[in-house]
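Structure assessment
One letter stands for each residue in the lines below.
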Amino acid sequence: MLNNKDKPASSPWLAIFSLTVACFVMVTTEFLPIGLLTNIAPSLDVSTGRAGLMVTVPGIVAAIAAPALSLAAGRLDRRLLMLALSLLLVVSNLVSALAVNFPMMLLGRVLLGVCVGGFWAFAANYGRHLVPEASQGRATALILSGISVGAVCGVPAGALIGDLFGWRAAFFGGAVLAVGVLLAQLRLLTSVPPTRPVTPRDLLLPLRLPMARTGLIAIVLLFIGHFAAYTYLKPLLQQVFVLSPSAISLQLLAYGAIGLLGTFLGERLAERSLRATFILIATMLAAILIVSPFLSGIAGATLMVMVWGLAFGAVPVCATNWMFAAVPQAPEAGQALLVCVIQIALASGALLGGEVVDWQGVSSAMLFGGALTLSAALVFGLTLRSGMIGAKQS
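Residues numbered from 1 in each chain as written. Predicted model: local features only at pLDDT ≥ 70, side-chain atom pairs only at ≥ 80, totals over all residues. Heavy atoms only, no water.

As recorded by an unreviewed UniProt entry, the chain carries the name MFS transporter and is attributed to Serratia inhibens. Checking UniProt for the chain, the heading Subcellular location (unreviewed entry) contains the comment "Cell membrane". (UniProt positions renumbered as here; feature names shortened; annotations may be inferred.)

Structure (structure tokens):
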């Protein structure tokens, strides 16, 4: 079951690491336009608000692709599925890098949306089948770290590369990394047929489970609020904090660095209390977003990105672990639905944030995002009274 010859993989952890890097490249590519927004918009002759569609479109497509691929994959070997998604990641980056107009850029982002939906839905559960049962938790954490690191590094990486070499170089770089991942996976990934196909009934199962249902509501609020603000972080640093391009790049790099710490710190805290960790990080996000328009200068910007990055760095790992805990009997279905709601929330947040920015400016988008993330903290807090999470997750 573990490879094409039904023998144990000789390098399972190298295979796991290839999935980690694939997820990193995918999520970094997804968030590249946030750091490049002010570079791409004038180059393709669109407004800053409309350029936010580069974040919105992959989210919408991923929301459809995750459950659709879960159903369509049937009994397809998950190795072949992972390889196909990695190949599509190469193509999507090349199309974006070569875009001569905004519709072509959006085509590349549509292809990326399929990758996002597929990787989020399948990668973690696939990786668990490559290692012994005792190591499955560690394998899942390592794969998820690629998603988390990409989520916090995509913006600073895009901004830095864009400032040094131009925005197209960032997408070409993503394509080169994706090619390397694909070549490694051709050698390392092993055959993993599904235990049973995902059914439409499986996809609806989380909606009938109290822990999953409450988590999904809170996660939607958290991601809408976060991305309504986060999509316009670079314009905020430019227009409100009045920082130079080099200072902005340093701030975004600081965001990425502290986000790495948040990823692994959040994972450790979640092992002790997943519920309390979610309440903490949602409250931190809400607080810093609400106060951010009232901060100024290098010191204020540094405080903002440190708190923001530390809090959001923990979100992807916590969200995924929440759904694994809530729907253990159908992990692929649980992850597919999680991806669906996250990507809808991401797309909605970027879209709503763009409307607020075009209407009232970037500061209002921060306040709007802060109010929604505070609502997420309150929803998570309801589980304290309902007792819907067991001892291991509470």
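After that view of the structure, there is still more to cover.
A look at the overall build of the chain
In terms of regular secondary structure, the chain is built from 16 helices and zero strands. In summary, the chain has a C-alpha radius of gyration of 20 Å against a globular reference of 21 Å for 394 residues, a match within 12%. With respect to the three principal axes, the spread of C-alpha positions in the chain is 60 × 50 × 30 Å. Counting every position in the chain, which comprises 394 residues, the buried fraction comes to 60%. Looking at the chain alone, contacts between residues at least 24 apart form 86% of all its contacts between residues at least 6 apart. (Helix = DSSP H or I, 4+ residues; strand = E, 2+ residues; numbered from the N terminus. Rg over C-alpha atoms; globule rule 2.2 N^0.38 Å. Buried < 20%, exposed > 50% of the residue type's maximum accessible area, 1.4 Å probe, protein only. Contact = heavy atoms within 4.5 Å.)

Structural notes on helix α7 (residues 167–188)
Spanning 22 residues, α7 covers 32 Å between terminal C-alpha atoms, matching the ideal 32 Å at 1.5 Å per step. The set of residues buried in α7 consists of Trp167, Ala170, Phe171, Gly174, Ala175, Ala178, Val181, Leu182 and Gln185. Axial view of α7: buried residues confined to an arc of 135 degrees, hence all on one face. Exposed side of α7, more than 90 degrees from the buried face: Val176, Leu183 and Arg187 are the residues found there. (Expected span 1.5 Å × (residues − 1). Arc of directions from axis to C-beta.)

A few points about the packing of helix α4 (residues 78–97) against α7
Each pair of packed helices gets described by two things: the angle between the helix axes and the distance between those axes. Two elements in contact, α4 and α7, have axes separated by 8 Å at closest approach and are oriented at 160 degrees. By the angle class used here, α4 and α7 are roughly antiparallel. As α4 runs across α7, the sense of the crossing is left-handed. Here Arg79, Met82, Leu83, Ser86, Leu87, Leu89, Val90, Asn93, Leu94, Ser96 and Ala97 of α4 come into contact with α7, specifically with Trp167, Arg168, Phe171, Phe172, Gly174, Ala175, Ala178, Val179, Val181, Leu182, Gln185 and Leu186. Among the residues forming the contact of α4 with α7, the class breakdown is 16 nonpolar, five polar and two charged. (Axes fitted to C-alpha atoms, helices over the stretch in contact; angles between N-to-C directions. Parallel < 35°, antiparallel > 145°, perpendicular 65-115°, else oblique. Left-handed = near helix turned anticlockwise from the far one by under 90°. Nonpolar A, V, L, I, M, F, W, Y, C, P; charged D, E, K, R; others polar.)

Focus on a nonpolar patch on the surface
Taken together, Ile290, Val291, Phe294, Leu367, Leu374 and Leu378 make up a surface patch of nonpolar side chains, about 550 Å² in accessible area. For the nonpolar patch, the elements supplying multiple residues, two or more each, are α12 (274–291) and α16 (362–386). The greatest single-element share of the nonpolar patch, amounting to three residues, is contributed by α16. By the element assignment, leucine 378 lies in helix α16. (Patch = residues over 30% accessible without salt bridge, like charges linked within 9 Å, V, L, I, M, F, W, Y side chains within 5 Å. Areas by Shrake-Rupley, 256 points an atom, 1.4 Å probe, with all protein chains shown as cover. Salt bridge = Lys/Arg side-chain N within 4 Å of Asp/Glu carboxyl O.)

Section: unusual backbone geometry
The backbone of aspartate 45 shows a phi angle near 60 degrees, a positive value even though the residue is not glycine. Note on placement: aspartate 45 falls in the loop between α1 (12–43) and α2 (48–51). With a phi angle near 50 degrees, valine 242 is a residue other than glycine that sits in the positive phi range. Counting through the fold element by element, valine 242 comes out in the loop between α10 (233–239) and α11 (245–272). Accessibility expressed as a relative area gives 63% for valine 242, which makes it exposed.

Looking at the packing of aromatic side chains
If you walk through the whole model with that rule in mind, you get 14 aromatic pairs. Centre to centre, the rings of phenylalanine 227 and phenylalanine 312 are 6.0 Å apart; their planes meet at 90 degrees, and the pair counts as edge-to-face. A residue pair is termed long-range when its members are at least 10 positions apart, and phenylalanine 227 in helix α9 (residues 210–230) and phenylalanine 312 in helix α13 (residues 297–313) qualify at 85 residues. With relative accessibility at 1%, the residue phenylalanine 312 sits in the buried group. Summarising the aromatic geometry, the rings of tyrosine 230 and tyrosine 255 are spaced 5.3 Å apart at their centres and angled 25 degrees between planes, so their arrangement reads as stacked. Note that tyrosine 230 is positioned in helix α9 and tyrosine 255 in helix α11, a separation of 25 residues in sequence. With respect to class, tyrosine 230 is no different from tyrosine 255; both count as buried. By the ring-pair criterion, three or more aromatic residues cluster together here, those being Phe31, Phe223, Phe227, Tyr230, Tyr255, Trp308 and Phe312. Over the aromatic face of phenylalanine 324 sits the side chain of arginine 128, whose NZ or CZ is 5.3 Å from the ring centroid. (Phe/Tyr/Trp six-rings, centres within 6.5 Å; stacked < 30°, edge-to-face > 60°. Lys NZ or Arg CZ within 6 Å of the ring centre and 35° of its normal.)

Description of the side chain of threonine 29
Note on placement: threonine 29 falls in helix α1. Discounting chain neighbours no more than four positions away, the residues touching threonine 29 are Leu89, Asn93, Arg109, Leu112 and Phe171.

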